[in-house]
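Results of the structural survey
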Amino acid sequence: QVQLVESGGGLVQAGGSLRLSCAASGSIFSVNSMGWYRQTPGKQRELVAALTSGGSANYADSVKGRFIISRDNAKNTVYLQMNSLKPEDTAVYYCNAERIGPPRMNYWGKGTLVTVSS
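Residues numbered from 1 in each chain as written. Predicted model: local features only at pLDDT ≥ 70, side-chain atom pairs only at ≥ 80, totals over all residues. Heavy atoms only, no water.

Among the nonpolar cores identified, the biggest contains 28 residues, and Leu-4, Met-34, Trp-36, Leu-80, Met-82 and Tyr-93 are the most heavily contacted of them. For this core, the secondary-structure elements that each account for two or more residues are strand S1 (2-7), strand S3 (18-26), strand S4 (33-39), strand S5 (46-52), strand S7 (67-72), strand S8 (77-82), strand S9 (91-99) and strand S11 (112-117). Those residues in contact with Leu-80 that lie beyond four places of it in its chain are Leu-18, Arg-19, Leu-20, Trp-36, Val-48, Ala-49, Phe-67, Ile-68, Ile-69 and Tyr-93. (Core = buried A, V, L, I, M, F, W, Y, C linked by side-chain atoms within 4.5 Å. Buried < 20%, exposed > 50% of the residue type's maximum accessible area, 1.4 Å probe, protein only. Helix = DSSP H or I, 4+ residues; strand = E, 2+ residues; numbered from the N terminus. Contact = heavy atoms within 4.5 Å.)

As a further point, take the state of the cysteines. Summed over all chains, the structure comprises one disulfide. In this model Cys-22 forms its disulfide with Cys-95; the gap between the sulfur atoms is 2.0 Å. Disulfide Cys-22-Cys-95: the torsion about the S-S bond is -80°, which places it as left-handed. You can see Cys-22 sitting in strand S3 and its partner Cys-95 sitting in strand S9, a full 73 residues away along the chain. Taking relative accessible area as the criterion, Cys-22 reaches 0% and is therefore assigned buried. (Disulfide = S-S within 2.5 Å.)

For any two aromatic rings, the description comes down to two numbers: the centre-to-centre distance and the angle of the planes. All chains considered together, the criterion is met by one aromatic pair. With 5.0 Å between their ring centres and 75° between their planes, Tyr-37 and Trp-108 make a pair best called edge-to-face. Placement of Tyr-37 in strand S4 and of Trp-108 in strand S10 (residues 105-108) is noted, with a sequence separation of 71 residues between them. Look at Tyr-37 and you get partly exposed, because its relative accessible area is 23%. Above the plane of the ring of Tyr-94 lies Arg-45, whose end atom (NZ or CZ) is 3.6 Å from the centre. Sitting over the ring of Trp-108, Arg-45 keeps its end group 4.6 Å from the ring centre. (Phe/Tyr/Trp six-rings, centres within 6.5 Å; stacked < 30°, edge-to-face > 60°. Lys NZ or Arg CZ within 6 Å of the ring centre and 35° of its normal.)

What follows covers the layout of surface pockets. Here the largest pocket defines a volume of roughly 220 Å³. The wall of the largest pocket is formed by 15 residues, among which Ile-28, Val-31, Met-34, Arg-71 and Asn-73 lie closest to the centre. Those elements that place two or more of their residues in the lining of the largest pocket are S4, S5, S7 and S8. Of the residues in the lining of the largest pocket, the class split is six nonpolar, seven polar and two charged. (1 Å grid on protein atoms, 1.4 Å probe; cavity = no way out; pocket = protein on both sides within 12 Å on 5 of 7 lines; lining within 4 Å. Points joined across faces, edges and corners; volume = space filled by probe spheres on them. Nonpolar A, V, L, I, M, F, W, Y, C, P; charged D, E, K, R; others polar.)

The next point concerns the side chain of Ser-30. Following the sequence through the fold, Ser-30 ends up in the loop between S3 and S4. Residue class for Ser-30 comes out buried when judged on its relative accessible area of 15%. Side-chain polar atoms of Ser-30 contact the backbone oxygen of Ser-27, separated by 2.7 Å. (Polar contact = N/O pair within 3.5 Å; in protein donor to acceptor, adjacent residues only side chain to side chain.)

The following block contains the structure:
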């Protein structure tokens, strides 16, 4: 099992910045990638950014050039630096950890709300 706890959400004006943190605990050795997803009411959860254990990062087109995913292995923490925020970035952001396995497993945090005002 892997436990994930997010922090860092809040209210920010358009153009501002926020940094989300995700602290992982448990069977972290089994995790192949960690990332951030977001969800708004009535929509599917979508990938924002992900980072593999090998250090490869991928981003949703909508956040490329504005968001940066990083990790601190010593703290078992993944970060999402969000810059130049837009109102359309408003969502609940979820931390995700994926284990390819088998079996394939996905672990989720409880989410943190980011609200960007115009």
